[in-house]
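Examining the three-dimensional arrangement
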Number of protein chains: 2
Amino acid sequence: MSGHEAPLNNGVAHKTDEVLPFVEDDYGGLIVEMNTPMDSTCFVASLRYSLAEWRLQGKKGIWLNLPLSHVNLVEPAVKEGFRYHHAEPTYLMLVYWIPEAACTIPLNASHRVRVGAVVLNQNEEILVVQEKYGTLCGSGIWKIPTGVVDEGEEIFAAAIREVKEETGIDTEFLEILAFCQTHESFFAKSDLFFICLLRPTSFDIQKQDLEIEAAQWMRFEDSASQPITHKNELFNDIHRICSMKMEKRYTGFSTKPIKAFFDDKLGYLYLNKLDMNHPIS
Amino acid sequence: MSGHEAPLNNGVAHKTDEVLPFVEDDYGGLIVEMNTPMDSTCFVASLRYSLAEWRLQGKKGIWLNLPLSHVNLVEPAVKEGFRYHHAEPTYLMLVYWIPEAACTIPLNASHRVRVGAVVLNQNEEILVVQEKYGTLCGSGIWKIPTGVVDEGEEIFAAAIREVKEETGIDTEFLEILAFCQTHESFFAKSDLFFICLLRPTSFDIQKQDLEIEAAQWMRFEDSASQPITHKNELFNDIHRICSMKMEKRYTGFSTKPIKAFFDDKLGYLYLNKLDMNHPIS
């Protein structure tokens, strides 16, 4: 183990009458947060003492948040019975379930969320790009700008950001026309792809060089008549919905800011507002 | 480190002229998959040799998939420059970006996806529960059944499953009435909550004992007039949308099976089908 990294504690009797630093959670468990370095022998002694205490207290799920700098404690924690829960670049979260009863630890984030941006201008043109990488690279196919929604980012904001990044065009969000759920798109994770309708508020394209080969305003009809549109169901449905939208015969979901839950966290509800605005008959 | 676990290789010259086992990915990188145990000294030698080779070959992102049984290799990998990418109970995925150019490694799954199930019967009653745990526990508030969408599970299927699990009621999915995005709901992850409308096909409630305190068919009016409905915006919006739906004045998104992408993976598109079915004027 990493005993060679513990210059002071080695050979000294380990203090085992203190539990590791933690905060309680809302579900009868707690989160251990290791903020100062600790050698693994010391850690194992404290962890065993802590788990014995928490077991007596009837605690349930024990979360262990190990920053990257505490990587020396990963192996000892697993050997004490912890399992991986999730990880981000800077930390690894492990979990230990104390009760005999079935584990009710919530699952890790399961979905990657992406947006596709339909930007239609008043000349019945659609904003399209060709990408430098990915499955359509080199195919000559023009597609709508797409991208990944970051953790903590609103779906509509991601659509606006991606269009700006890839093409330099400023936009306003109008509505989500439809969305698509698929699976195993990224390792075992599932994928939600939101098709957003945006209104352009600028017109001069400044394409981004890193990922975008070309960008243009294309006549909507020409985009719809690309061979891919007939071969690929999603391309086809997007164009079909857009056609109806241009004829004002389709309603998607638009946004309503909302205090969603009991901690008054702000969020957005996406709903059919056209119907909501109908006068009561 | 875990040298004490390597009874055979210790003190033996390590074979460093073979790269670690890998498969190439579609983005100029590769995935290392460690299937057999390896002591950490041997691993570090092979890893250094492999990275030098891959650097010469112009490889980009190097993924390292370490099953829980290979926990002894986590610390050495991090010390060689790998960073955590994501983790599931049985493995930890690390990544190393070789090029000088900006890292284009895709982000980890960012969203937890949940469903709320609105089940309305023909007597204008709604299926509601009281939970044994969570923020509403002990409050006397009746709420719709809710739950987490598993990795690989369809949203509509999760709604049907949760209703069956919590109340024993069989249902058919009709449409998604609205959805809500919030942030930092579960560690740093964002949350998508889909409000699903279901039609019951059975009527006798068999409540689940583990998580559910009580379940009943409640007059829709009584549910809507609970004090929480006036205090909580989401409760309020759900009831408002349901009222309109009962008067046939609201349209959500319903499902269309689709081959979504270029690998012909099956998925579901959620869209406003009522509009789609309107005759072209």
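Predicted model, so just to flag it, every value in this text is computed and none were measured.

Counting buried residues in strand S9 (residues 171-186) of chain B gives 12 out of 16 residues, a clear majority hidden from the surface. Inspection of the sheet shows strand S13 (residues 266-271) of chain A paired to S9(B) by 4 bridges, in the antiparallel sense. Its bridge partner lying in S9(B), Leu269(A) is registered against Cys180(B). As paired elements, S9(B) and strand S10 (residues 189-200) of chain B share 11 bridges and run antiparallel to each other. By the bridge assignment, Ile176(B) is partnered in S10(B) with Cys196(B). Between the end of S9(B) and the start of S10(B), which pair antiparallel, lie 2 residues, with Phe187(B) showing a positive phi angle near 55 degrees.

Residue and element names in this part refer to chain B. Evaluated as defined, the whole model comprises 22 aromatic pairs over all chains. Between phenylalanine 156 and tyrosine 268, the aromatic rings sit 4.9 Å apart at their centres with planes inclined by 75 degrees, giving edge-to-face as the arrangement. In this pair, phenylalanine 156 sits in helix H3 (residues 155-167) while tyrosine 268 sits in strand S13 (residues 266-271), placing the two residues 112 residues apart along the sequence. Among the residues examined, phenylalanine 156 registers a relative accessible area of 17% and is labelled buried.

If you rotate chain A by 180 degrees and push it 0.1 Å along the axis, it lands on chain B with an RMSD of 0.2 Å. Each copy turns onto its partner about a two-fold axis. Residue by residue, 100% of the interface of chain A is reproduced at the interface of chain B, so both copies engage with the same surface.

A separate point is the confidence of the model for chain A. Residues and elements named next belong to chain A. Looking at chain A as a whole, the pLDDT averages 88, with 90% of positions reaching at least 70. For residues 1-13, every residue scores under 50 in pLDDT, and the model assigns this stretch 19 contacts once sequence neighbours within four places are set aside. Scoring the predicted complex yields pTM 0.83 and, for the interface, ipTM 0.82.

Before going further, it helps to spend a moment on the nonpolar core. Counting residues in hydrophobic clusters, the biggest one holds 92 residues, and the most contacted among them are Val118(A), Phe179(A), Phe194(A), Val118(B), Phe179(B) and Phe194(B). Excluding residues within four positions of it along the chain, Phe194(B) makes contact with Phe179(A), Leu192(A), Phe194(A), Val113(B), Arg114(B), Val115(B), Gly116(B), Ile155(B), Ile176(B), Ala178(B) and Phe179(B). Listed in part, the 50 residues of the second largest apolar core include Leu92(A), Val44(B), Val71(B) and Tyr96(B).

Attention shifts here to the sheet that holds strand S2 (residues 30-33) of chain B. Residues and elements named next belong to chain B. Spatially, S1-S2-S3-S5-S4 is the arrangement adopted by the 5 strands of the open sheet, whose pairing is mixed. Only two strands of the sheet have a single neighbouring strand rather than two, namely strand S1 (22-24) and strand S4 (83-88). The sheet shows a mean angle of 20 degrees between the axes of neighbouring strands, taken without regard to direction. Judged from the 5 bridges that link them, S4 and strand S5 (residues 91-97) form a sheet pairing that is antiparallel. By the bridge assignment, glutamate 88 is partnered in S5 with tyrosine 91. Lying on the sheet, helix H1 (residues 40-56) is in contact with S1, S2, strand S3 (61-67) and S5; it crosses S3 at an angle near 155 degrees.

The rules we used
Residues numbered from 1 in each chain as written. Chains lettered and ligands numbered in written order. Predicted model: local features only at pLDDT ≥ 70, side-chain atom pairs only at ≥ 80, totals over all residues. Heavy atoms only, no water. Buried < 20%, exposed > 50% of the residue type's maximum accessible area, 1.4 Å probe, protein only. Helix = DSSP H or I, 4+ residues; strand = E, 2+ residues; numbered from the N terminus. Pairing = 2+ DSSP bridges. Phe/Tyr/Trp six-rings, centres within 6.5 Å; stacked < 30°, edge-to-face > 60°. Least-squares fit on C-alpha atoms with pLDDT ≥ 70 in both. Contact = heavy atoms within 4.5 Å. pLDDT = per-residue confidence, 0-100. Core = buried A, V, L, I, M, F, W, Y, C linked by side-chain atoms within 4.5 Å. Axes fitted to C-alpha atoms, helices over the stretch in contact; angles between N-to-C directions.

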